[in-house]
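Single-letter residue listing:
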Amino acid sequence: MGKYEPLVIGELNVKYPVIQGGMGIGISLSSLAGAVAKAGGIGLISTAQIGFREPDFNRNPKAANLRAMESELARARELAPDGVIGFNIMVATKDYPEYVRKAAEIGADVIVSGAGLPVSLPEYVEDVERQDGKQRKVKIAPIVSSPKSASVICKMWDRKYHRAPDFVVIEGPLAGGHLGFSREDLTKFRSDREDTDQVYDQEAYDNEILGILAVVENYRKKFGCSIPVISAGGVFSREDMAHHMALGVDGVQVGTRFVTTEECDAPQSYKDAYLKAQKKDIVIVKSPVGMPGRAIWNPFLEKISKEPERITHCFRCLEHCDPVKAPYCITMALIRAALGQVDEGLLFCGYNAHRCSKMERVEDVMADLCG
């Protein structure tokens, strides 16, 4: 490998410009994040109900989650002592500031934050002291989906905190899980050409990426610093990565491809569902919080399409979820999947999940992407 320059984020020097996307619940934890960091990329642990295996999770999910953040980061560090490891933390998470402060306190290298606009993210890490006594500050990055959202974040951080993002992640319409687009927005990138089997018009979204790069460039000049831009959503192969890099981004974020690796924290039945999925099985669903999401069609989705699932316990996971109106509990649906009950759970995935055809190792995925 060596086709691309290292990804430099402040004093962090990442051998390969690949970030592993954060996938919850329980899909990207210490095993996957540690393996990616060891292989020369950035490994991200998802904080989404990260403590679901803790004995007190049902009684006190926040305490269980905060405790699990520490133990998962410690295990990832054992796997990759010199690697770059961080957290993906959703803005929509209840008690979001506490999760961010915890990540900074326990020594995360980076925090990537989306599922909402992280307009106050700098405030939550500003005065946090690391437990290990090191002076290095955590690097923070918003996830944006349009030039408008990138501009809003950069303006807010500039005005309120007199700083720019350490890096920016662009998440496109082919990404997995919750998407930063409305259903109407998603149709903007839909191709009507009959000579292609692509659901989305890549050229249309490439123009969005170029628009975001222009926004970031203005703040690079203003602050006189480097602000790497990472492109996410639909990056599966070496060719996909080359296409994104040719647009001028500094790196890519990859999620779906890493699910069918031996090191991924998901159970084998979850990985098998990806291996069996066909293109027609990848669908857009409505999350209980009202956002569109991408998932694999299965008996669970078929069941709730006909009647809602009774919710007996609220885990207070997301700010805008009303258990009285929600068609199902997203925490329980994702936990069941993470425990291997794939026919009774929600299987979030990227658009390219149908391209997963074999089990791989993380180092082989990295070699294929960057070679």
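For clarity, every value in this text was computed on a predicted model and none was experimentally measured.

1. Describing the overall build of the protein
Consideration 1: Secondary structure assignment for the protein yields 13 helices and 13 strands.
Consideration 2: Its C-alpha atoms give the protein a radius of gyration of 19 Å, near enough to 21 Å, the size a compact globule of 371 residues would have.
Consideration 3: Its C-alpha atoms give the protein principal-axis dimensions of roughly 55 × 55 × 40 Å.
Consideration 4: For the protein, the proportion of its 371 residues judged to be buried stands at 59%.
Consideration 5: Put simply, 67% of the contacts in the protein that link residues at least 6 apart link residues at least 24 apart.
Consideration 6: Of the accessible surface of the protein, which amounts to about 15900 Å², a share of 48% is contributed by carbon and sulfur atoms.
Consideration 7: Measuring between centres, the 46 positive side-chain charges of the protein sit 3 Å from its 50 negative side-chain charges.

2. Remarks on unusual backbone geometry
Consideration 1: Put simply, Gly24 and Ile25 share a cis peptide bond, and its omega is 5 degrees.
Consideration 2: Of note, Ile25 is situated in the loop between strand 3 (18–20) and helix 1 (30–38).
Consideration 3: For Gln49, which is not a glycine, the phi torsion comes out positive at approximately 45 degrees.
Consideration 4: For Ala115, which is not glycine, the phi dihedral falls at a positive 55 degrees.
Consideration 5: Mapped onto the elements of the fold, Ala115 is located in the loop between strand 6 (110–113) and helix 4 (121–125).
Consideration 6: Accessibility expressed as a relative area gives 26% for Ala115, which makes it partly exposed.

3. Notes on the packing of aromatic side chains
Consideration 1: Applying the stated criterion to the full structure yields 2 aromatic pairs.
Consideration 2: Between Tyr96 and Tyr124, the ring centres sit 5.9 Å apart and the planes meet at 80 degrees, which makes this aromatic pair edge-to-face. A residue pair is termed long-range when its members are at least 10 positions apart, and Tyr96 in helix 3 (residues 96–105) and Tyr124 in helix 4 qualify at 28 residues. The exposure classification of Tyr96 matches that of Tyr124, with both residues buried.

4. Here we look at the nonpolar core
Consideration 1: Among the nonpolar cores identified, the biggest contains 89 residues, and Val18, Phe87, Ile111, Met241, Phe258 and Tyr270 are the most heavily contacted of them.
Consideration 2: The element contributing the most residues to this core is helix 7 (residues 202–223), with 7 residues.
Consideration 3: When near neighbours in sequence (up to four residues on either side) are disregarded, Val18 contacts Gly41, Ile42, Met241, Val252, Val254, Phe258, Met366, Leu369 and Cys370.
Consideration 4: In terms of nonpolar packing, the next biggest core, distinct from the first, is built from 20 residues, Ala48, Val283, Phe300 and Ile330 among them.

5. Some thoughts on the side chain of Lys271
Consideration 1: Within the secondary structure, Lys271 sits in helix 10 (residues 268–276).
Consideration 2: Although buried, Lys271 forms no salt bridge, and the nearest oppositely charged side chain, Glu263, lies 7.1 Å from it.
Consideration 3: Residues in contact with Lys271, not counting those within four places in the same chain, are Val259, Thr260, Thr261, Glu262, Cys264, Ala266 and Met359.

6. Description of helix 8 (residues 238–246)
Consideration 1: Listed in full, the buried residues belonging to helix 8 are Asp240, Met241, His244 and Met245. Summarising the axial view, the buried residues of helix 8 lie within an arc of 130 degrees, below the 170-degree limit, and thus occupy one face. Counted as exposed and oriented over 90 degrees from the buried face of helix 8: Glu239 and Ala246.
Consideration 2: Two residues or fewer past helix 8, Gly248 is found with a positive phi of approximately 110 degrees.

7. Here's the deal with the packing of helix 5 (residues 147–161) against helix 7
Consideration 1: Axis separation between helix 5 and helix 7 bottoms out at 8 Å; the angle between their running directions is 15 degrees. Considering the angle they form, helix 5 stands roughly parallel to helix 7. Judged by the sense of rotation from one axis to the other, the crossing of helix 5 with helix 7 is right-handed. Residue-level contacts link Pro147, Ala150, Ser151, Cys154, Lys155 and Asp158 of helix 5 to Glu208, Gly211, Ile212, Val215, Tyr219, Lys222 and Phe223 of helix 7.

8. Thoughts on helix 1
Consideration 1: A large share of helix 1 lies buried, amounting to 7 of its 9 residues.
Consideration 2: Ser30, Leu32, Ala33, Gly34, Ala35, Val36 and Ala37 are the residues of helix 1 that are buried.
Consideration 3: Tucked into the core, helix 1 has its buried residues touching strand 3, strand 4 (42–46), helix 2 (61–79), strand 5 (84–88), helix 9 (256–259) and helix 13 (362–370).
Consideration 4: One or two positions beyond helix 1, positive phi appears at Gly40, with a value near 105 degrees.

9. Here's the deal with the side chain of Thr260
Consideration 1: With respect to the helices and strands, Thr260 occurs in the loop between helix 9 and helix 10.
Consideration 2: For Thr260, a relative accessible area of 1% translates into the label buried.

10. Re the sheet that holds strand 9 (residues 177–178)
Consideration 1: Spatially, 9-13-12 is the arrangement adopted by the 3 strands of the open sheet, whose pairing is antiparallel. The open sheet has two edge strands, strand 9 and strand 12 (282–286), and neither has a second partner.
Consideration 2: The pairing of strand 12 with strand 13 (residues 292–296) spans 5 bridges and is classified as antiparallel. Bridged to Val285 within strand 13 is Gly293.

So, how was this worked out
Residues numbered from 1 in each chain as written. Predicted model: local features only at pLDDT ≥ 70, side-chain atom pairs only at ≥ 80, totals over all residues. Heavy atoms only, no water. Helix = DSSP H or I, 4+ residues; strand = E, 2+ residues; numbered from the N terminus. Rg over C-alpha atoms; globule rule 2.2 N^0.38 Å. Buried < 20%, exposed > 50% of the residue type's maximum accessible area, 1.4 Å probe, protein only. Contact = heavy atoms within 4.5 Å. Areas by Shrake-Rupley, 256 points an atom, 1.4 Å probe, with all protein chains shown as cover. Lys, Arg positive; Asp, Glu negative; His and termini not counted. Charge placed at Lys NZ, Arg CZ, Asp CG, Glu CD. Phe/Tyr/Trp six-rings, centres within 6.5 Å; stacked < 30°, edge-to-face > 60°. Core = buried A, V, L, I, M, F, W, Y, C linked by side-chain atoms within 4.5 Å. Salt bridge = Lys/Arg side-chain N within 4 Å of Asp/Glu carboxyl O. Arc of directions from axis to C-beta. Axes fitted to C-alpha atoms, helices over the stretch in contact; angles between N-to-C directions. Parallel < 35°, antiparallel > 145°, perpendicular 65-115°, else oblique. Left-handed = near helix turned anticlockwise from the far one by under 90°. Pairing = 2+ DSSP bridges.

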